[in-house]
Amino acid sequence: MSVSTAALASSVCAPLPVLGQDVTVPLVTGGEVTYAALDYAASAPALQRVWDDVAAYAPYYGSVHRGAGYLSQLSTDLFENSRRTVAEFLGCRADDQVVFTRSTTDSLNLLAAAIPANCQVFVYETEHHASLLPWRDAQVTYLNAPRTPGQAVETLERALADRDPYGPALVCVTGASNVTGELWPVRELAAAAHAHGARIVLDAAQLAPHHPVDIAELDVDWVAFSGHKLYAPFGSGVLAGRADWLQAAEPYLAGGGASRKVARRADGGVDVDWHTTAARHEAGSPNVIGVYSIASACKALTEAGFDNLVAREQELVSRVREGLAEVPEVQVLSLFGDDAPRVGVISFVVRGWNSSHFAAALSAEYGIGVRDGLFCAHPLVRTLLGSDPQDPGECGAPEAEPGERSLNAIRVSFGAGTPDEHIDRFLRAVTELVREGAQWKYRTEDGRCVPDRGEAAQV
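Along each chain, residue indices are assigned from 1 in the same order as the chain's sequence is written. Where local features are concerned, this predicted model is filtered to residues with pLDDT of at least 70; where side-chain atom pairs are given and counted, the filter is 80 or more; whole-chain, interface and lining totals use all residues. Each side-chain value is worked out from all heavy atoms of the structure, with water and hydrogens disregarded.

**A short note on the overall build of the chain**
Comment: elements are numbered from the N terminus, with helices defined as DSSP H or I runs of at least four residues and strands as E runs of at least two. Looking only at helices and strands, the chain has 14 helices and 19 strands in total. Note that the radius of gyration is over C-alpha atoms, with the globule rule given as 2.2 Å times the number of residues to the power 0.38. Taking 459 residues into account, the globule formula puts the C-alpha radius of gyration at 23 Å, and the chain, at 23 Å, falls close to it. Expressed as lengths along the three principal axes of its C-alpha atoms, the size of the chain is roughly 80 × 55 × 45 Å. For the chain, the proportion of its 459 residues judged to be buried stands at 55%. Contacts are assigned to residue pairs with any non-hydrogen atoms lying within 4.5 Å of each other. Counted over contacts in the chain with a minimum sequence separation of 6, partners at least 24 positions apart contribute 70%. Per element, the accessible surface of the chain, about 19,300 Å² overall, is 50% carbon and sulfur. Charge separation in the chain, taken as the distance between the mean sites of 36 positive and 57 negative side-chain charges, equals 4 Å. For every residue, the accessible area obtained with a 1.4 Å probe (protein chains only) is divided by the maximum for its type, and the residue is called buried under 20%, exposed over 50%, and partly exposed between those limits. Computed with a 1.4 Å probe, the accessible areas rest on the Shrake-Rupley method; for each residue, only the protein chains presented here act as cover. Charged residues are defined narrowly, with Lys and Arg counted positive, Asp and Glu counted negative, and His plus the chain ends left uncounted. Here the site of a charge means atom NZ of a Lys, CZ of an Arg, CG of an Asp or CD of a Glu.

**Considering the sheet that holds strand E17 (residues 409-413)**
Here 4 strands make up an open sheet; going across it, the order is E13-E14-E17-E16 and the pairing antiparallel. Single-partner strands in this sheet number two, and they are strand E13 (330-332) and strand E16 (371-373). Direction aside, neighbouring strands of the sheet carry axes that sit 30° apart on average. In short, DSSP must find at least two bridges between two strands for them to pair. Relative to E17, strand E14 (residues 345-350) is paired through 4 bridges, and the arrangement is antiparallel. Of the residues in E17, the one forming a bridge with serine 347 is arginine 411. In this description, a line fitted to the C-alpha atoms serves as the axis of each element, helices being fitted only across the stretch in contact, and the angle between N-to-C directions of two axes falls anywhere from 0 to 180 degrees.

**Description of the state of the cysteines**
Whenever a pair of cysteine sulfur atoms sits within 2.5 Å, that pair is classed as a disulfide. The tally for this structure, following the rule as stated, stands at 0 disulfides. Counting only cysteine sulfurs, cysteine 92 is the nearest neighbor of cysteine 298, a cysteine outside any disulfide, at a range of 10 Å. Residue cysteine 298 is classed as buried on the basis of its relative accessible area, which comes to 1%.

**Examining the packing of aromatic side chains**
Any pair of Phe, Tyr and Trp rings, taking the six-membered ring for Trp, is counted once the centres come within 6.5 Å. Such a pair is stacked with planes under 30 degrees apart, edge-to-face with planes over 60 apart, and tilted for the rest. Scanning all chains against the criterion turns up 11 aromatic pairs. Look at tryptophan 353 and phenylalanine 358: their rings are 4.9 Å apart centre to centre, the planes differ by 85°, and that puts the pair in the edge-to-face class. The same class applies to tryptophan 353 and to phenylalanine 358, which are both buried. One aromatic cluster in this structure is built from Phe348, Trp353, Phe358 and Phe426.

**Considering the nonpolar core**
In this structure, Leu90 and Phe225 are the most contacted members of the largest nonpolar core, which totals 83 residues. Counting residues per element, this core draws most heavily on helix H10 (residues 288-304), which supplies 8 residues. Every residue in contact with leucine 90, bar those within four places of it in the chain, is listed here: Val213, Asp214, Ile215, Val223, Phe225, Val238 and Ala240. What is meant by a nonpolar core is a set of buried Ala, Val, Leu, Ile, Met, Phe, Trp, Tyr and Cys residues, joined one to another through side-chain atoms within 4.5 Å. In terms of nonpolar packing, the next biggest core, distinct from the first, is built from 36 residues, Phe358, Ala361, Val434 and Tyr442 among them.

**Points about H10**
Compared with the 24 Å implied by 1.5 Å per residue over 17 residues, the 24 Å span of H10 between its first and last C-alpha is a close match. Where H10 is buried, its residues contact helix H2 (48-57), helix H3 (70-89), strand E4 (97-101), strand E9 (222-226), strand E10 (237-241) and helix H11 (306-325). At the exit of H10 stands glycine 305, carrying a positive phi of roughly 90°. One less than the residue count of a helix, multiplied by 1.5 Å, gives the span that helix is expected to have.

**Details of the packing of H2 against H10**
Interaxial distance between H2 and H10 falls to 9 Å at its minimum, and their mutual angle equals 140°. Taken together, the axes of H2 and H10 lie oblique to each other. Taken as a pair, H2 and H10 cross one another with a handedness that is right-handed. Two secondary-structure elements touch here, H2 through Arg49, Val50, Asp53, Val54 and Tyr57 and H10 through Val288, Ile289, Tyr292, Ser293, Ser296, Ala297, Lys299, Ala300 and Glu303. Polar here means any residue outside two lists: the nonpolar Ala, Val, Leu, Ile, Met, Phe, Trp, Tyr, Cys and Pro, and the charged Asp, Glu, Lys and Arg; Gly therefore counts as polar. The residue inventory of the contact of H2 with H10, partitioned by class, reads 8 nonpolar, 2 polar and 4 charged. By the definition adopted for this analysis, an angle is roughly parallel if under 35 degrees, roughly antiparallel if over 145, roughly perpendicular if from 65 to 115, and oblique otherwise. Crossing handedness is defined as follows: a turn of the near helix away from the far one that is anticlockwise and smaller than a right angle gives a left-handed crossing, while the clockwise case is right-handed.

**Here's the deal with the sheet that holds E4**
Judged by pairing direction, the sheet is mixed, and its 7 strands sit side by side in the order E4-E10-E9-E8-E7-E5-E6 without closing on themselves. Strands with a single pairing partner mark the edges of an open sheet, and in this sheet they are E4 and strand E6 (139-143). Across this sheet, the average inter-strand angle for adjacent strands is 20°, counted without regard to direction. Against the sheet, helix H4 (residues 104-114) makes contact with E4, strand E7 (169-174), strand E8 (199-203), E9 and E10, and its axis sits at roughly 150° relative to E9, the strand it touches most.

**Focus on a nonpolar patch on the surface**
On the surface, Tyr60, Tyr70 and Leu71 cluster together into a nonpolar patch covering about 330 Å² of accessible area. Relative to the elements of secondary structure, tyrosine 60 occurs in the loop between H2 and H3. What makes tyrosine 60 partly exposed here is its relative accessible area of 39%. Each patch is assembled from residues with relative accessible area greater than 30% and no salt bridge, linking like charges that lie within 9 Å and nonpolar side chains (Val, Leu, Ile, Met, Phe, Trp, Tyr) that lie within 5 Å. Salt bridge, as applied in this entry: a Lys or Arg side-chain nitrogen positioned within 4 Å of an Asp or Glu carboxyl oxygen.

**Here's the deal with the side chain of serine 236**
Following the sequence through the fold, serine 236 ends up in the loop between E9 and E10. Setting aside anything within four residues of it in sequence, one finds serine 236 in contact with Thr101, Arg102, Ser103, Ser226, Gly227, His228, Asn287, Gly290, Val291, Ser293 and Ile294.

**A short note on the pairing of E4**
Among the 5 residues in E4, 5 count as buried, and that is most of the element. A two-sided burial pattern is seen for E4, the buried positions comprising Gln97, Val99 and Thr101 on one face and Val98 and Phe100 on the other. Pairing of E4 with E10 involves 5 bridges; the strand directions are antiparallel. Of the residues in E10, the one forming a bridge with phenylalanine 100 is valine 238.

**Topic: helix H12 (residues 355-366)**
Taking 1.5 Å per residue as the helical rise, H12 with its 12 residues ought to reach 16 Å, and the 16 Å between its terminal C-alpha atoms agrees with that figure. Burial runs high along H12: 11 of the 12 residues are buried. Within H12, the full set of buried residues consists of Ser355, Ser356, His357, Phe358, Ala359, Ala360, Ala361, Leu362, Ala364, Glu365 and Tyr366. Between N or O atoms, a polar contact is any pair within 3.5 Å; within protein, one atom must be a potential hydrogen donor and the other a potential acceptor, and residues adjacent in sequence are included only when both atoms are from side chains. At the N-terminal boundary of H12, the capping side chain belongs to asparagine 354, with an oxygen 2.6 Å from the backbone nitrogen of serine 356.

**Quick look at the packing of H12 against helix H14 (residues 420-436)**
Between H12 and H14, the shortest axis-to-axis distance is 11 Å and the interhelical angle comes to 115°. H12 and H14 meet at a crossing whose hand is right-handed. Along the contact surface, H12 presents Phe358, Ala361, Leu362, Glu365 and Tyr366, while H14 presents Arg425, Phe426, Arg428, Ala429, Val430, Glu432, Leu433 and Val434.

Next comes the structure, spelled out in structure tokens:
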């Protein structure tokens, strides 16, 4: 990458302050280095702004919707204001509901439990398991991996044209792949779904942290995402969208908060009047801090200028792709091709290397954290690697020994908090490992590739 291009990346906007940016880690070769967190697609580091907001609120923590005391009232206001903040961040329509959950996985399982009887579900094999697997009680049609955005739309239109036109139907699709980072044609897929009388839910787990998501503009029926990918702590998520299916369904969890009135019957049974608001699916004491952290992250990204953050990330994407392209042994994985728009998620394999060995060396010798495995998207990664669906290999659990070819891949991912230096170090490390080899011996232990502490350094 040229100096001028690197300067442009830095001039768009500075990286946002995140927790852990000054953490140092030991290197197996000696010494310490500042940790380069390049696994944003799994969990992004929390924004410092989010952590500060949570710390300021923590002394005022109280149970929501159930207390007359000052702290309970304050917490209730904060909780419901957070709901409004998220709705605004997502461009929700006036009658949409924002339901707080534990994660994207929880959100999509909630929706799966709320779909009408005899609902037909259409989902691409390219989905993350969170959106591929929840539809166990529905009639599911799995669509083959498309090789262009246009083919994705055509595949969906053909499948919907063959369905029973009188029953309910739902399409589930990712906004940005957690494997390739490629953006999917969400607006066009929504139009195709609605033209055939189906609804659509958007898995925005990888899209929302990297790109604005507007429910009304995209014309999707629901959006699901996780707080821990949106620069907030673990344990909170969102399902936002149309209220009718959610209101008609039995509560996702039965318990306090979901019920408006409970009374014993003369026959000894119990009558329950459930809420019709989002509270219907938020039984139990909610994760107030998690909800507030999501709202804080939404505000922080908006105030930082999402357009600037997107522009800077695109410069980093270009730097990584150009740097990897200079190493012939590296094969970047892609569905839609080199020109497809994408977010800061890039997966690749290195010829002659076990992916887990390579990732272990990046960590142990350079202090760089990436991901190796099948990324909880087994069918997609196997398709991209050209392997048989029955071939061995698990998400994050390699079966090959160091130095052997594996059926897994390596994923580097980054975002609003990534410094330029982390990208530079990563590209230098890839080049050095490929050209010079690892400096240390590695072995497999409990399913992970780790440095062999009993071996001398290898040059």
